[in-house]
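Close look at the chain arrangement
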Amino acid sequence: MKDSPGRSRKALVIGGGAPNSTLIAGALAAFLDQGVEFDVISASGAGVLMGLLATAPRDVSPREALLQWAEVGVADSIYKLFPVNYKVFKKPGVQAETYRESMLGQLPQIPGLAGSPFAELLTRHFADASAKWNDWMHLLMSAMSPSDLHSGSLGLCAHLPFLEQSIDFGAVPGMRPEFFINAYNIDRHHMQIWNKDQITPAHVRASLSFPFLYAPTEIDGENYIEGAALDTLNFTPFITDPETGVAPAGEVDTLVVLDILGEDHLIRKPRNLYDAWVRSIITPLVKISKTEQRLFELEHNRDPQTGAQRRQVLKVDLMGGVPQQHWPQVLDWSSSNMQLLFDVGYRAGLDFCQQHHDLLDATASQAPLAA
């Protein structure tokens with residue numbers, strides 16, 4: 001789709017971060033409700049999945065896909081006893097994969113699971129009691145699943161077995177915005193960028209292969225890990241290539257940034273051993289994210305001659321609305337946390353759209369979601 005003469009081009013940068021990714025889902029839902037469209041989307045880590053849910057979901061609308069992602073949390077009563085999201089992180093191995101495929105045929109018989117494009121991943125919350133029952137059933141099925149995990153394994157979990165049920169990869173090349181994702185090639189020691197014409201399920205799995213959680217993803221004989229483990233924000237498409245003299249994404253006038261890692265409040269005393277492990281992952285990413293944004297502004301977003309900004313960079317304050325007393329739980333995979341963060345992200349997205357209404361060409365042509 002060509003831009004009309006004089007029309008400003010807008011880009012969206014969606015950063016990594018999984019447990020609190022419903023902040024991003026909520027903001028994207030707000031953008032949809034306000035009729036805000038972007039010419040370019042650049043994503044890394046969990047932001048890749050959020051961006052694809054908003055642009056190329058399977059069998060449901062983008063809004064519904066984002067709302068459903070907010071439902072992947074584990075019922076609080078279960079999470080307090082077993083603080084692991086077994087609905088997202090599945091056991092690895094061929095036997096486990098066969099087991100899941102067999103169980104998929106049984107899931108529609110379980111109340112609340114029929115008709116969901118996230119059949120293995122999501123439960124439909126008709127009522128609190130039904131939701132808890134479904135989560136207990138998921139836990140039972142996960143516990144019974146076989147696995148080939150052993151000391152020689154390269155990662156704890158299977159690579160996003162629900163991916164093809166949630167994203168319409170056939171629609172990705174034809175979607176409106178340009179779309180870029182990143183993954184780090186550990187054989188060539190090079191950050192790889194793929195555009196929407198190149199993206200397949202394997203490329204998305206590569207972009208989400210965080211070390212230890214997942215084994216490296218092999219594509220064409222080369223191994224990749226999650227790009228957000230090194231570049232939490234995928235600014236590369238907006239950086240001028242010294243060989244071609246142009247940026248992969250072309251010229252853009254406005255960059256909107258969705259970042260859920262560059263916040264010092266995420267660095268805090270853990271509540272238990274599991275929380276300590278999660279924060280051991282998040283803590284270095286907080287500083288990486290903040291440094292990335294600062295370096296991009298200083299080195300790649302200013303004219304070397306005049307010092308003037310090449311484009312406007314706007315950051316959505318996604319975490320400003322998180323209640324102070326809730327910060328210790330903000331990285332939990334509990335149902336209450338993920339729903340709360342979706343609402344916080346949604347309100348932040350609405351506030352951002354209202355503040356920058358003219359710049360974003362917001363139309364508000366769609367009915368707002370219930371946050």
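Residues numbered from 1 in each chain as written. Predicted model: local features only at pLDDT ≥ 70, side-chain atom pairs only at ≥ 80, totals over all residues. Heavy atoms only, no water.

Looking at an unreviewed UniProt entry, the protein chain carries the name Acylesterase/phospholipase RssA, with the source organism given as Herbaspirillum frisingense.

1. Some remarks on the environment of Leu160
How we decide: Helix and strand assignments follow DSSP, with helices taken as H or I runs no shorter than four residues and strands as E runs no shorter than two, numbered in order from the N terminus. Contact definition: two residues touch when any of their heavy atoms are within 4.5 Å.
The topology assignment puts Leu160 in the loop between strand E3 (155–157) and helix H7 (163–166). Counting along the chain gives 45 residues from Leu160 to Arg205, while the straight-line C-alpha distance between them is 6.9 Å. Ignoring sequence-local partners within four residues, the contact set of Leu160 consists of Arg205, Leu208 and Tyr214.

2. Points about the packing of aromatic side chains
For clarity, the threshold we go by: Note on aromatic pairs: the rings of Phe, Tyr and Trp (six-membered ring only in Trp) are paired at centre separations within 6.5 Å, and the planes decide the class, stacked below 30 degrees, edge-to-face beyond 60, tilted for the rest. Burial here depends on accessible area, computed with a 1.4 Å probe over protein chains only, as a share of the maximum for the residue type. Under 20% is buried, over 50% is exposed, and the range in between is partly exposed.
Scanning the entire structure with this criterion turns up 9 aromatic pairs. On the basis of an interplanar angle of 55 degrees and a centroid distance of 5.7 Å, the ring pair of Tyr274 and Trp277 is categorised as tilted. Of this pair, Tyr274 and Trp277 both sit in helix H9 (residues 273–300), separated by 3 residues, roughly a single helical turn. The class of Trp277 is partly exposed, set by a relative accessible area of 30%. Ring pairing ties together the aromatic residues Phe31, Phe38 and Phe352, which thus form one cluster.

3. Considerations on the nonpolar core
How we decide: Here, the term nonpolar core denotes a set of buried Ala, Val, Leu, Ile, Met, Phe, Trp, Tyr and Cys residues that are joined through side-chain atoms within 4.5 Å.
Of all hydrophobic cores here, the largest spans 85 residues; its most connected members are Leu12, Leu28, Phe31, Trp69 and Leu258. If we ignore the near neighbours within four places in the chain, the residues touching Leu12 are Leu28, Phe31, Phe38, Val40, Ile41, Ser42, Val256 and Leu258. Of all hydrophobic cores here, the second largest spans 12 residues; its members include Val40, Ala249, Leu255 and Phe296.

4. Some points on the packing of helix H1 (residues 22–33) against helix H3 (residues 62–69)
A pair of packed helices can be characterised by two numbers: the angle between their axes and the separation between those axes. Condition: Only the stretch in contact is used when a helix axis is fitted, and all axes are lines through C-alpha atoms; the angle between N-to-C directions ranges over 0 to 180 degrees. In these notes the angle categories are as follows: under 35 degrees is roughly parallel, over 145 is roughly antiparallel, 65 to 115 is roughly perpendicular, and the rest is oblique. Crossings are sorted by hand: turned counterclockwise from the far helix by less than a right angle, the near helix makes the crossing left-handed, and turned clockwise it makes it right-handed.
Viewed as axis vectors pointing N to C, H1 and H3 meet at an angle of 160 degrees, and their least axial separation amounts to 9 Å. In this view, H1 runs roughly antiparallel relative to H3, as classed from their interaxial angle. Where H1 crosses over H3, the handedness of that crossing is left-handed. Judged by residue contacts, Thr22, Ala25, Leu28, Ala29, Leu32 and Asp33 of H1 engage Pro62, Arg63, Leu66 and Trp69 from H3.

5. Comments concerning the pattern of salt bridges
The criterion, for reference: Note on definitions: salt bridges are taken to be side-chain nitrogens of Lys or Arg within 4 Å of carboxyl oxygens of Asp or Glu.
Within the structure shown, the criterion is met by 15 salt bridges. Here Glu37 makes a salt bridge to Arg176, at a shortest N to O gap of 3.5 Å. With Glu37 in the loop between H1 and strand E2 (40–43) and Arg176 in the loop between H7 and strand E4 (178–185), this residue pair connects regions lying 139 residues apart in the sequence. A relative accessible area of 47% means that Glu37 is categorised as partly exposed. Members of the salt-bridge network, linked through shared partners, are Arg271, Asp275, Arg279 and Asp332.

6. As for the layout of surface pockets
For the record, the criterion: Put simply, the grid is 1 Å and covers the protein atoms alone, a cavity is a trapped set of points that fit a 1.4 Å probe, a pocket is an open set with protein on both sides within 12 Å along at least five of seven lines, and lining residues have an atom within 4 Å of a point. Grid points are joined across faces, edges and corners, and a volume is the space filled by probe spheres set on the points. Classification used: nonpolar for Ala, Val, Leu, Ile, Met, Phe, Trp, Tyr, Cys and Pro, charged for Asp, Glu, Lys and Arg, polar for all others including Gly.
Estimates place the volume of the largest pocket at around 910 Å³. Around the largest pocket, the lining is made up of 46 residues, and of these Asn85, Val88, Phe89, Cys157 and Tyr214 lie nearest the centre. Only helix H2 (46–55), helix H5 (94–104), helix H6 (128–144), E3, strand E6 (212–214) and H9 provide two or more residues apiece to the lining of the largest pocket. Here the lining of the largest pocket takes 6 residues from H9, the largest share from any one element. When the residues that make up the lining of the largest pocket are grouped by side-chain class, the tally is 35 nonpolar, 6 polar and 5 charged.

7. Structural notes on the pairing of strand E5 (residues 190–195)
Both faces of the sheet carry side chains from a regular strand, because those side chains alternate between them. Operational definition: The rule for pairing is simple: two strands pair if DSSP sees at least two bridges between them.
With 6 bridges connecting them, E4 and E5 associate as antiparallel partners. Across the sheet, the residue bridging to Ile181 is Trp194, located in E5. Connecting E4 to the antiparallel partner E5 that follows it, the hairpin turn spans 4 residues, and His189 within it adopts a positive phi of roughly 55 degrees.

8. Overview of the pairing of strand E9 (residues 254–258)
Short version of the rule: Looking down the strands as they point away from the viewer, one classifies a crossover as right-handed if the path from the first strand across the helix to the second runs clockwise.
For E9, the tally of buried residues reaches 5 of 5 residues, placing the bulk of the element in the interior. Side chains Thr254, Val256 and Leu258 project from E9 onto one buried face, and the interleaved Leu255 and Val257 project onto a second face that is buried too. The pairing of E9 with strand E10 (residues 312–315) spans 4 bridges and is parallel. From the neighbouring strand, Val256 faces E10, where its bridge partner is Leu314. Taking the sense of rotation as the criterion, the β-α-β connection linking E9, H9 and E10 turns out right-handed.

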